Amino acid sequence: MRVALTGGATGIGASVAAKLKARGAHVTAFDLNEPQDNVDRWIETDLGNPASIAAATEAAEGPFDALINNAGLPPRDGLEALILKVNYIGLRTFMDGMLARLSPNAAIVNTASRAGAMWRDNIEQVKALMALGSMDKVPAFVAAQDIDAVRAYNLSKEAVIALTIAGTEDMIARKLRMNSVSPAAVSTGILDDFLNAFGERAQKAIARAGRAGEADEIADVIVFLASPESRWIKGQDIVIDGGISAMLTSDMLALRP
């Protein structure tokens, strides 16, 4: 199995790479930073730079049996435009450039987030982002929409979920399949960014779940969705949050066991 993975140097991506290598996969990582372990090839890639994306996809040696779009930026003040560029437009641009390098029946897995759960409620803004088409339009979009770092992150992940759903039929026609995963808080090096951004609400959710998730728990689901064992799962967003969504839904609907 040959796998293309963005963001393989740290966090969830590093766990994905380790699990893939344990299965005997050949892993090509696309990342700004060079992974220290568990990859067969590293291609330096800046998902916020169209020229870097074009060079990376040109250098990729397929065919690949799976493409895992995992790289992304957390919600940090001052990075609003870059968050949208990397987390959504860069992901989409990279994926489009890799389609010709995917083998028949290959799987695409996009890392979204539970922070993107409100995509239906924000669908007009989601569609506006999806319609931008190029990165050079993002700063004006951020200014016009008055988007802060938290909204940029949430919007980017809402758009990833919407892209996964909207692209399902086209992928089937290409003999490919695509799904996304939406983790909640995960114990990685950027957990503090999320706790700072989402504050007490995030702290309470983690407390109800008992703890934050672990990178390898998210990686298990990603590897499954990238494998032939999940071949009939298409166009789904799989939430991995330790029960947080269920508890909040139960609260909202006043459900009782």
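Residues numbered from 1 in each chain as written. Predicted model: local features only at pLDDT ≥ 70, side-chain atom pairs only at ≥ 80, totals over all residues. Heavy atoms only, no water.

The protein carries the name SDR family oxidoreductase in an unreviewed UniProt entry, which gives Hoeflea poritis as its organism.

(A) View of the pattern of salt bridges. Scanning the model with the defined rule gives 11 salt bridges in all. A salt bridge links Arg76 to Asp193; the shortest N-O distance between them is 3.0 Å. One end of the pair, Arg76, is in the loop between strand 4 (64-69) and helix 3 (80-98); the other, Asp193, is in helix 8 (residues 191-209), with 117 residues separating them in the sequence. Close ionic contact of Arg208 with Asp251 constitutes a salt bridge, the shortest N to O distance being 2.6 Å. Of this pair, Arg208 sits in helix 8 while Asp251 sits in helix 10 (residues 244-253), and the two are 43 residues apart along the sequence. With relative accessibility at 41%, the residue Arg208 sits in the partly exposed group. Overall, the relative accessible area of 45% leaves Asp251 in the partly exposed class. (Salt bridge = Lys/Arg side-chain N within 4 Å of Asp/Glu carboxyl O. Helix = DSSP H or I, 4+ residues; strand = E, 2+ residues; numbered from the N terminus. Buried < 20%, exposed > 50% of the residue type's maximum accessible area, 1.4 Å probe, protein only.)

(B) Structural view of the pairing of strand 4. Counted residue by residue, strand 4 has 5 buried out of 6 residues, so it is predominantly covered. When strand 4 meets strand 5 (residues 102-111), the two strands line up parallel, connected through 5 bridges. Residue pairing for strand 5: Phe64 is matched across the bridge by Leu102. (Pairing = 2+ DSSP bridges.)

(C) Quick look at the pairing of strand 6 (residues 177-183). Counting buried positions over the 7 residues of strand 6 gives 7, a clear majority of the element. Residues Arg177, Asn179, Val181 and Pro183 line one face of strand 6 and the alternating positions Met178, Ser180 and Ser182 line the opposite face, and both faces are buried.

(D) How the structure looks around unusual backbone geometry. Cis geometry is adopted by the peptide bond preceding Pro63, which originates at Gly62 and carries an omega value of 0°. Looking at where Pro63 falls in the secondary structure, it is placed in the loop between helix 2 (50-59) and strand 4. Here the phi dihedral of Asp146 falls at roughly 55°; this positive angle occurs in a residue that is not glycine. With respect to the secondary-structure elements, Asp146 resides in the loop between helix 5 (138-145) and helix 6 (149-166). Look at Asp146 and you get exposed, because its relative accessible area is 70%.

(E) How the structure looks around the sheet that holds strand 5. The strand order across the open sheet formed by 7 strands is 3-2-1-4-5-6-7, and the pairing between neighbours is parallel. Bordering the open sheet on either side are strand 3 (41-44) and strand 7 (237-240), each of which pairs with just one other strand. Neighbour to neighbour, the strand axes of the sheet diverge by 20° on average, direction disregarded. Across the sheet, helix 9 (residues 215-226) lies against strand 4, strand 5, strand 6 and strand 7, angled at about 175° from strand 6, the strand it touches most. (Axes fitted to C-alpha atoms, helices over the stretch in contact; angles between N-to-C directions. Contact = heavy atoms within 4.5 Å.)

(F) Highlighting the packing of aromatic side chains. Counted under the stated rule, the structure contains 3 aromatic pairs. Centroid distance Phe30 to Phe94: 4.9 Å. Interplanar angle 65°. Geometry classified as edge-to-face. You can see Phe30 sitting in strand 2 (residues 26-31) and its partner Phe94 sitting in helix 3, a full 64 residues away along the chain. Residues Phe194 and Phe198 carry aromatic rings whose centres are separated by 6.4 Å and whose planes lie at 10° to one another, so their mutual orientation is stacked. Separated by 4 residues within a single helix, Phe194 and Phe198 lie in helix 8, roughly one turn from each other. What makes Phe194 buried here is its relative accessible area of 17%. Taken together, Tyr153, Phe194 and Phe198 form an aromatic cluster joined through their ring pairs. (Phe/Tyr/Trp six-rings, centres within 6.5 Å; stacked < 30°, edge-to-face > 60°.)

(G) Molecular detail of helix 2. When helix 2 is considered as a whole, its buried residues turn out to be Ser52, Ile53, Ala56 and Thr57. For helix 2, the angular spread of the buried residues around the axis is 125°, confining them to a single face. Summarising the geometry of helix 2, the exposed residues directed more than 90 degrees from the buried face are Ala51 and Glu58. Looking at the buried positions of helix 2, the neighbouring elements they touch are strand 2, strand 3 and helix 3. (Arc of directions from axis to C-beta.)

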